[in-house]
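Understanding the architecture of this molecule
Listed below, chain by chain, are the residues.
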Protein chains: 2
Amino acid sequence: MFRQPQRRRAMTRLVIPLEKTRLSGVKKCSKMACRLLDKSSAEELIHTTDNFLFDCDGVLWDGKGVIPGSPETIAKLKALGKRVFYVTNNSSKTRKEYVLQCQKFGFDATEEEFASTSYVSALYLKNLDFKDKVYVVGNPAMATELDACGIKYTGIGPDPLHGNLDDWLKMELDPQVKCVLVGFDSHLSYMKIMKAATYLQNPDCLFLATNEDTHLPVNNCPIRIPGTGTMVKAVAWPAQREPVVMGKPEPSMFEVLRKTHGLDPARTVMVGDRLNTDIGLAKVCGLKSLLVLTGVAKMSDLPKNNVEKSCGVGDCSELPDLYTSSLGNLGAFI
Amino acid sequence: MFRQPQRRRAMTRLVIPLEKTRLSGVKKCSKMACRLLDKSSAEELIHTTDNFLFDCDGVLWDGKGVIPGSPETIAKLKALGKRVFYVTNNSSKTRKEYVLQCQKFGFDATEEEFASTSYVSALYLKNLDFKDKVYVVGNPAMATELDACGIKYTGIGPDPLHGNLDDWLKMELDPQVKCVLVGFDSHLSYMKIMKAATYLQNPDCLFLATNEDTHLPVNNCPIRIPGTGTMVKAVAWPAQREPVVMGKPEPSMFEVLRKTHGLDPARTVMVGDRLNTDIGLAKVCGLKSLLVLTGVAKMSDLPKNNVEKSCGVGDCSELPDLYTSSLGNLGAFI
């Protein structure tokens, strides 16, 4: 049922072929143990790693504020001469806003150290030399990053329900739109979904998504805060199309950092709180991985004896090399 | 990733086990031809069939009005003493409203002849002796049918975005809610999705959906009108749960008619415009099937030589026994 436009084949300038990287990721983790971080493994990690990539929500901070110990760990790594980067699926902040948030929480960070999905989506279109218009189901941060890359767009902001079926059938759409980009949008509405799904009936219209996260990590709170995957699924189903996804575990964000800063995957670690995105990215790109338990993943999500038994793709592609209760532990060991 | 509450096992009073019916459906259609309706096959159909089940949108009418020839065909069938029923996935009308719409378009119909997903959802909960409250992502017709069955509910109507993450985390929800029911809701909003996904974090909370249609059938119009599946996917993804679906191709709606009116599946035909819902229902319930091409399915969706070659489940479970360009042709042959 799902059709993918031919054009997708020409869209891989930024990304490495998924099948190849995924297979190599699976191969690398075969029969690898998932170990608790201790002084010995922390020292080994420091010794063999130049580049530390951090997810933000659930690792550095969460909905309630900074996660204790995280700023000190980042500072220690930088003092040791390690390069630090921030790789976040969150599309609702610009890189500039992330730097301000870092400063507020006591992290030292620059714009160049950030790869967010709002930034990478805009860069992806710029690298395609995309000259048409984007229909965005998204947020102002995505607009800012598109502006910075000189990409035309429409759709940001509220678009509440109006009219009825007769009115909708007469709706006039923008003939310049040749891409639908879906990111986090708390203004999600039936009108937006209808417009996006209609644009996507044109097989030449690109379909991009910043990420497919299920929900935002919020510790010890019963409220489920829907993530960007909510908006993506709401558009993909009526359109009967599948998007090209920018966010983790897809490799685009690491590729941007690798090309810009010349990172060696073998001397890079991804630190995150989610198995299916952060640890998934590490496996796809051949990075080392450290899981922290201050966000989405819980101890119960790991194999009971901490050693992988069966190496089915579904298991080992999301099993971290190391895990620890919080990022502060890494700082305490070094 | 998807969890289904234990309670589901006790919820099958209305439905027949899916695996069994699906397997029997697959068996029945093995190597069966998909034939163009002609005078001979129309007469054979009339001779061997007592009960005619009709989908509505795309068969009797579409977004632009009545489909020519359909009212005359229904009238001829009734004149021959055939029993006529209407089986629609559309949840946005009550049975009473459907009868009025039928009268407006020249169809003779009674409430008892209608099985709509709004009605069957309410009946499903009533038959479970459900005494708690339902959180409805839906529409006023669903409220009316729930009222008629004495089921308490909340959530109908607009619930626009308000507040920010801090406010959402303090949101107070209704402790009486033990079921989330999703149907067509053009007021779909981030707040509704958040509430539904939060209720569904309780594994004892039931998750029902009226149907999962991708879009509404609208002939010759480029606008894609998102169907109820849009709302269902938007709730299911952040909740990481899969619903029990009332609508076609799931058997609940036929089961209601069968039990109420004593229908013999072997002497019943399902007439519809969609392979994956209407024809799917026929296969699941062991009914004969007639596809009309006035709605979603197009000639290009059928095998080129009109005879099924491979009998993989994905193919034969949606291949009709007969097809015709419009329902009026059946009337013309009888």
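Residues numbered from 1 in each chain as written. Chains lettered and ligands numbered in written order. Predicted model: local features only at pLDDT ≥ 70, side-chain atom pairs only at ≥ 80, totals over all residues. Heavy atoms only, no water.

**Observations concerning the side chain of B:R241**
Residues and elements named next belong to chain B. Relative to the helices and strands, R241 resides in the loop between α9 (228-239) and β11 (244-245). No salt bridge forms around the buried R241; measuring N to O, its nearest opposite-charge neighbour D204 is 8.2 Å away. A distance of 2.9 Å separates a polar side-chain atom of R241 from the backbone oxygen of L200. (Helix = DSSP H or I, 4+ residues; strand = E, 2+ residues; numbered from the N terminus. Buried < 20%, exposed > 50% of the residue type's maximum accessible area, 1.4 Å probe, protein only. Lys, Arg positive; Asp, Glu negative; His and termini not counted. Salt bridge = Lys/Arg side-chain N within 4 Å of Asp/Glu carboxyl O. Polar contact = N/O pair within 3.5 Å; in protein donor to acceptor, adjacent residues only side chain to side chain.)

**Structural notes on the environment of A:D57**
All names here are of chain A. On the secondary structure map, D57 appears in the loop between β2 (51-54) and β3 (61-62). On the basis of relative accessibility, which here comes to 23%, the residue D57 falls in the partly exposed class. With 268 residues separating them along the chain, D57 and S325 place their C-alpha atoms 15 Å apart. Separated by 3.2 Å, the side chains of D57 and W61 make a polar contact.

**Quick notes on the UniProt feature "binding site: Mg(2+)" (unreviewed entry) in chain A**
All names here are of chain A. Those residues carrying the UniProt feature "binding site: Mg(2+)" (unreviewed entry) are D55, D57 and D273 in this numbering. Spanning 219 residues, the named residues nonetheless gather at one spot, since no C-alpha pair among them exceeds 8.2 Å. D55 gets classed as buried once you look at its relative accessible area, which sits at 6%. If sequence neighbours within four positions are ignored, D55 has contacts with L60, V87, T88, K248, M270, V271, G272, D273 and D278. (UniProt positions renumbered as here; feature names shortened; annotations may be inferred. Contact = heavy atoms within 4.5 Å.)

**Comments concerning the nonpolar core**
Counting residues in each nonpolar core, the largest one holds 64 residues, and the members touching the most others are A:V180, A:V182, A:I225, B:V180, B:V182 and B:I225. For B:V180, the residues in contact, after removing those within four places along its chain, are B:Y135, B:A196, B:Y199, B:L200, B:C205, B:L206, B:F207 and B:L208. (Core = buried A, V, L, I, M, F, W, Y, C linked by side-chain atoms within 4.5 Å.)

**Some details on the domain arrangement of chain A**
All names here are of chain A. Partitioning chain A into structural domains gives domain 1 (35-89 + 249-333) and domain 2 (131-245). Summarising the inter-unit geometry, the C-alpha centres of domain 1 and domain 2 are found 30 Å apart. With 15 residues of domain 1 at the contact, the number on the domain 2 side is nine residues. Here domain 1 and domain 2 share an interface that buries about 920 Å² over both sides, 44% of which is from carbon and sulfur atoms. The largest per-residue losses of area from domain 1 upon contact with domain 2 belong to K64, N89 and R274, which jointly make up 48% of the total buried on that side. On inspection of domain 1 and its partner domain 2, the count reaches one salt bridge. (Domains from an automatic or database assignment. Buried area = accessible area lost by both parts, 1.4 Å probe.)

**Some remarks on the relation of the copies chain A and chain B**
Take chain A, turn it by 180°, move it 0.0 Å along the axis, and it overlays chain B with an RMSD of 0.0 Å. Expressed as a symmetry operation, the mapping of one chain copy onto the other fits a two-fold axis. Using C-alpha coordinates, one finds that chain A approaches the rotation axis most closely at A:A234, a distance of 2.6 Å. (Least-squares fit on C-alpha atoms with pLDDT ≥ 70 in both.)

**Here we look at the sheet that holds strand β7 (residues 133-137) of chain B**
Residue and element names in this part refer to chain B. Strand order in this open sheet of five strands is β8-β7-β9-β10-β11, and the pairing throughout is parallel. The sheet terminates laterally at β8 (152-154) and β11, the two strands that pair on one side only. In the sheet, β7 pairs with strand β9 (residues 177-182) via five bridges, with the strands oriented parallel. Bridging across to β9, V134 finds its partner in C179. (Pairing = 2+ DSSP bridges.)

**Side note on the pairing of strand β13 (residues 288-292) of chain A**
All names here are of chain A. Across the five residues of β13, five count as buried, placing the element largely inside the fold. The alternating pattern of β13 places K288, L290 and V292 and S289 and L291 on opposite faces, both of which are buried. With four bridges connecting them, strand β12 (residues 268-272) and β13 associate as parallel partners. Counted as the bridge partner of V271 is L290 from β13. For the handedness criterion, the β-α-β arrangement of β12, helix α11 (residues 275-285) and β13 is classed as right-handed. Across three bridges, β13 lies against strand β14 (residues 322-324) in parallel orientation. By the bridge assignment, V292 is partnered in β14 with T324. (Right-handed = clockwise from strand over helix to strand, strands pointing away.)

**Digging into the interface of chain A and chain B**
Opposite the 38 residues of chain A that make contact, chain B presents 38 residues. It is A:Y190, A:R224 and A:W237 that lose the most area in chain A upon contact with chain B, and together they represent 22% of the buried surface on that side. Here chain A is connected to chain B by zero salt bridges. Inspection of the region where chain A meets chain B yields 10 residue pairs in polar contact (both at pLDDT 80 or more).

**Thoughts on the packing of aromatic side chains**
Here the structure, examined in full by the defined rule, presents 16 aromatic pairs over all chains. With a centroid separation of 5.0 Å and an interplanar angle of 15°, the aromatic rings of A:Y98 and A:F114 are classed as stacked. Highlighted residues: A:Y98 in helix α4 (residues 95-105) and A:F114 in strand β6 (residues 114-116), separated in sequence by 16 residues. A connected cluster of aromatic rings, assembled from ring pairs, spans A:W61, A:Y86, A:Y98, A:F105, A:F107 and A:F114. Positioned over the ring face of B:W237 is A:K233, at 4.2 Å from the centre of the ring. (Phe/Tyr/Trp six-rings, centres within 6.5 Å; stacked < 30°, edge-to-face > 60°. Lys NZ or Arg CZ within 6 Å of the ring centre and 35° of its normal.)

**Some remarks on the sheet that holds strand β14 (residues 322-324) of chain B**
Sheet strands associate in pairs through backbone hydrogen bonding, adopting either a parallel or an antiparallel arrangement. Residue and element names in this part refer to chain B. Strand order in this open sheet of seven strands is β1-β14-β13-β12-β2-β5-β6, and the pairing throughout is parallel. At either end of the open sheet lies a strand with only one pairing partner, and these are β1 (35-36) and β6 (114-116). The pairing of strand β2 (residues 51-54) with strand β12 (residues 268-272) spans four bridges and is classified as parallel. Residue F54 lies in a different strand from β12, and its bridge partner there is V271. Strand contacts of helix α11 (residues 275-285): β5 (83-88), β12 and β13 (288-292), with the helix running at about 165° to β13, the strand carrying the most contacts. (Axes fitted to C-alpha atoms, helices over the stretch in contact; angles between N-to-C directions.)

**Observations concerning the packing of helix α8 (residues 190-199) of chain B against α9(B)**
Residues and elements named next belong to chain B. Viewed as axis vectors pointing N to C, α8 and α9 meet at an angle of 50°, and their least axial separation amounts to 9 Å. By the angle class used here, α8 and α9 are oblique. Once α8 is placed against α9, the crossing between them reads as right-handed. Contacts between α8 and α9 involve I193, A196 and A197 on the former and, on the latter, A234, V235, P238 and A239. (Parallel < 35°, antiparallel > 145°, perpendicular 65-115°, else oblique. Left-handed = near helix turned anticlockwise from the far one by under 90°.)

**A short note on the pairing of β7(B)**
All names here are of chain B. The buried count for β7 comes to five of five residues, which makes it a mostly enclosed element. Alternating positions in β7 separate into two faces, K133, Y135 and V137 on one and V134 and V136 on the other, with burial throughout. With three bridges connecting them, β7 and β8 associate as parallel partners. By the bridge assignment for β8, K133 is matched with K152. Since β7 and β8 lie parallel, the crossover through helix α6 (residues 140-148) that links them has a hand, and here it is right-handed.

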